[in-house]
Amino acid sequence: MTETREERKWVGKSIQRVEDPKFLLGRGGYIDDFGLEGMLHAALVRSPHAHARIKNIDVEEARRLPGVIAVVTGTEAAELCDPMPDFGPDPASHEWRCLAVDKVRNVGEGVVAVVAESRDIAEDACDLVDVEYEPLAPVVDPEAAMEEDAELVHEMVGSNVAFERNLIFGDVDRDFAEAGVVVEDRLRWRRSGGQPLETVGAVASYDPGTGMLTIHENSLSFTSYLFMLAGTLKVPSNKLDIHPHPAGGSFGSKLWAVKAAAIAGMLSKATGKPVKYIEDRVDNMTNCDHHGSDRVYYAELAATNDGTLKSLRVRVIDDYGAYMQFGVGHHGNALAQVVGPYRIGSVQYHVQAVLTNKCQQGAYRGFGSEVHNWLLERMVDLVAKELEMDPVEIRRKNFIQPDQFPYFIPDGNVYDSGDYEGVLDKALELADYDYWREEQKRLREEEGRHIGIGICTAQERSVFSATEFWFWFDEPAAPVTSTPESVTLQVDAAGNVTATLYSCAFWGNSPETMVAQLVAEEFDVQPHQVNVVYSGTSQGLPATGPGGSRTTVMLAGAVEGASQKIKEKALKIAAHLLEAAPEDLEWSDGGVAVKGSPAQRKELAEIAMSAHLFKHQLPTEIESGLAADQIYDHPYTTMPSEDRKDLGVFYPIMGHACHIPVVEVDVETGLVKFLKYAAVHDAGTLVNPRSLNGHIIGGTAQGIGTALLEEYVYDEEGQLANASYQDYLIPSAMEVPELVIGHQETPSPYTVHGIKGGGEGGRMMAPAAIASAIEDALKSLGVRVNELPATPERVLDWIEEAKGLE
Amino acid sequence: MSHRRRISVVVNGSRHESEVEARKYLAEFLREDLGLVGTHIGCEHGVCGACTVLMDGASVRSCLVLAVQANEAEILTVEGLARDGQMHPLQEAFWEKQGLQCGYCTPGMLVRAYELLREDPDPTAEEVREGMSNNLCRCTGYQYIVEAVLDGAERMRNA
């Protein structure tokens, strides 16, 4: 599609979201709003220990409590269920189950499930379960976990380093040998998480008469994991029907949240009654399977003396927690944009994935790429400092240029398009950069204040191909995955359009609005007249679900394909009705008209009426109805090479952004305050600019949390010290500044309308930008910011340390 | 369980006589006994504000208030804002300004904004930001919520 912005009627307009009225009226239909006749409720007994052997479980008293229907221990659950779906290396050696068996591996891990007539009774019964534990040495610090004599989280792995691989792309040794300057640092990114205000839940209903297990849930990628969850629950995949409910926030954490469904499904099968299991907040914080990245980096960046970046060498230790459901896919994400927007010629990426006694990692907005952005930008700032270069100029000097696209980065992934200098210039202008540089100087000299201006110019990969999850392993070799998304469009007899989606794409983004706008663009109807519905899996088409900022691009492809099929048929019907040759007709203003004679036309509704009711008046080859399915596959992905020196194309739709925050650091309290925040994003062609802005602001707010406030703090015993919102600090309206937002639209050559994904960019930029701003504010003190979150305590420590070095 | 009490509560203008467990929270009573599922439970600690309702005109965290404490009280929930099938001006403003994404915090935000604007029908942007800061939103970054409340205030003044 190469139409220009002026030619588009609906794509590019900030229309009101079609999703919103039900939410505004308090009729959202979330999973906890849903119930079934005779439904029972489940609660879990959670481990109070980080690491312990389960010696004995006494459930007799719990079973005797009136209202209790069933009590299921981990051992019993292991009979009822197979292990959870797991993409980790050699999953059998670090088996993950819905309830712990023999040993608990993190605080909060489920040990026993209770089913009762009410949630309160189930929780009362949990208090009556007596579990005898034999505590083991907790494995908490990831680097200590790597030592030979460390206690093992999973004995069968034989080490706490569950996976290690050192990938080299290009001639790293030569580039380092020839470099004029090499900077190195140890950097620490501590774990935070999506923490949606709604937890994960499921309502399962097993029918012993048909063998059908129906699960309602708020996890999103259910179409893709259906057959795996069916395997866990020991039901045939065609006897498992999953129905989606809107997710009250996800940010990755409900992308693939299978445990609640497994628990509810298991308990419904065991009791023969519908069972609801909804995580409470403590369940979610301690055991949601979706904590974010937790990394230690040892990094080196090589450059010539004029500031030309040459080569990046990274060793990264990632604290995965107790299990590794996604393997090291997070590092595949990092490799998608490993050189950022820069012409860095070679890369060494050495990953060591470590098991510890913490909640396992899952997905959090950025999926590990945001951490790499932060690492790379921190290292670029270090080179600039070393060479006494302006941080803006070193970036400008190293950008990939607009005429170099499509640009293959050293590891084999491709960047489709971009104009990084254009984005940078817009951001500098929006931030009032020159003014603030002067103000910074003046306020330092006249008032002794510490103002800092941060800059981050980084990538936002979108539209993944799942190769990134398996190219780490030599075996099993798999073909390229197509990661499809499907849409069905139906035009009914009155000419009204319904679009059906096959994964639960709603998690606070606006797939219904996007699809409505895309359909409106195709058929010239009003977007708010398009009905968008979600299908359960029993009538499903192939779908993958949202993640890696793929939804809008993939749905746009599917909508376009289905629209073309419908338009083709509509044209044939109109040709018959107008007694004209199809080649003399064209689609025009919501109907079909004779070329050059626009008055001779049939509206979509007239054509639809014919198609639905009067098939016998049409040529025999035309079947009744006006509907089409389109399964849209990944637009551009290729195989990795066998030696993994080339990973192939796996994440080609490459957005870009520049964030420039201005902060003030109070050197007495360590508090960071925003004075200004500018963000310019390039997500290709915009569909609904205000909606994207909402995601940029919201993502930035989460990035601010990651940079300044949020951390799951595990103490030396492996206890999660802040498992409530009183202690885990989510930014409020007082911590998030007003953003000034700009857009650049560099279309992708590979997608319909040139759209790129844009849902994660805020969080992929803000931590790097804010770290840079804090360091700039404290430049005169010689502070280096190499750890996040930069809590007031850490900021004060840095200042003290820097003073000590003077 | 054994400890049950009779309560009489006016919710969104309708009186309800119910027998509830003494330990039942107001949020659970509204959701489970009255089917008013627009009031959401988020953090269960009184921090996030998703469960905000008005009790005798003042906002409370219904995840911390027991249903029996609401005996003889008047409660307003998000379901009480729209009238005769028409959205409240605040709801219209939140829709227009995209002051929501996933919608989970929205009922609490709307109720809190309603209270805020009754205290001060014409607040500044800073006052709105501070006034709304006791409710958490994980999606929006608050900017469009602030815009929505200001727009809602204008709509209400002009209504």
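Just above, that's the structure.
Conventions and cut-offs
Residues numbered from 1 in each chain as written. Chains lettered and ligands numbered in written order. Predicted model: local features only at pLDDT ≥ 70, side-chain atom pairs only at ≥ 80, totals over all residues. Contact = placed C-beta atoms within 7 Å. Helix = DSSP H or I, 4+ residues; strand = E, 2+ residues; numbered from the N terminus. Nonpolar A, V, L, I, M, F, W, Y, C, P; charged D, E, K, R; others polar. Pairing = 2+ DSSP bridges. Axes fitted to C-alpha atoms, helices over the stretch in contact; angles between N-to-C directions. Parallel < 35°, antiparallel > 145°, perpendicular 65-115°, else oblique. Left-handed = near helix turned anticlockwise from the far one by under 90°. Expected span 1.5 Å × (residues − 1). Buried ≥ 20, exposed ≤ 12 C-beta atoms within 10 Å, placed from the backbone.

Peer 1: Any chance you could break down the interface of chain B and chain A for me, citing the residues and the numbers?
Peer 2: With 38 residues of chain B in contact, the opposing surface of chain A contributes 40 residues. Broken down by secondary-structure element, the contributors of at least two residues to the side of chain B that touches chain A are helix H2 (89-96), helix H3 (106-119), helix H4 (125-132) and helix H5 (143-158) of chain B. Element by element, the count of residues in the side of chain B that touches chain A is highest for H2(B), at four residues. Considered class by class, the residues forming the side of chain B that touches chain A number 20 nonpolar, 12 polar and six charged.

Peer 1: Before we move on, could you go through the sheet that holds strand E3 (residues 68-73) of chain A and cite the residues and values that matter?
Peer 2: All names here are of chain A. Pairing within the open sheet is mixed, and its seven strands lie in the order E3-E5-E1-E12-E9-E10-E11. Strands at the two margins of the open sheet, each flanked by one partner only, are E3 and strand E11 (240-244). Averaged over all neighbouring strand pairs, the angle between strand axes comes to 20°, with direction disregarded. As judged from the five bridges shared by E3 and strand E5 (residues 110-116), these two strands associate in the antiparallel manner. For Val-71, the partnering residue across the bridge sits in E5 and is Val-114. Packing against the sheet, helix H8 (residues 259-271) makes contact with strand E1 (40-46), E3, E5, strand E9 (201-207), strand E10 (212-217) and strand E12 (275-278), and its axis sits at approximately 30° to E9.

Peer 1: Break down the packing of H2(B) against H5(B) for me, with residues and values.
Peer 2: All names here are of chain B. Contact pair H2 / H5: the axes reach a minimum separation of 8 Å and the direction vectors enclose 140°. Our classification of the angle between H2 and H5 gives oblique. In the crossing of H2 with H5, the sense of the turn from one axis to the other is right-handed. Within the contact between the two elements, H2 uses Pro-89, Leu-90, Glu-92, Ala-93, Phe-94 and Glu-96 and H5 uses Ala-148, Asp-151, Gly-152, Arg-155 and Met-156.

Peer 1: Could you give me a rundown of unusual backbone geometry, with the residues and numbers involved?
Peer 2: Residue and element names in this part refer to chain A. Cis peptide bonds are those with omega within 30 degrees of zero, and the linkage from Phe-405 to Pro-406 qualifies with -5°. Secondary-structure assignment places Pro-406 in the loop between helix H12 (391-398) and strand E16 (407-408). Geometrically, the link from Leu-788 to Pro-789 is a cis peptide bond, its omega value of 0° lying close to zero. If you trace the backbone, Pro-789 turns up in the loop between strand E30 (787-788) and helix H21 (792-805). One non-glycine residue, Phe-367, lies in the positive phi region at around 50°.

Peer 1: Which residues make up helix H20 (residues 761-777) of chain A, and what values do they have?
Peer 2: For H20(A), spanning 17 residues, the distance from its first C-alpha to its last is 24 Å, which sits close to the expected 24 Å at 1.5 Å a residue. Here H20(A) lies mainly inside the structure; 17 of its 17 residues are buried.

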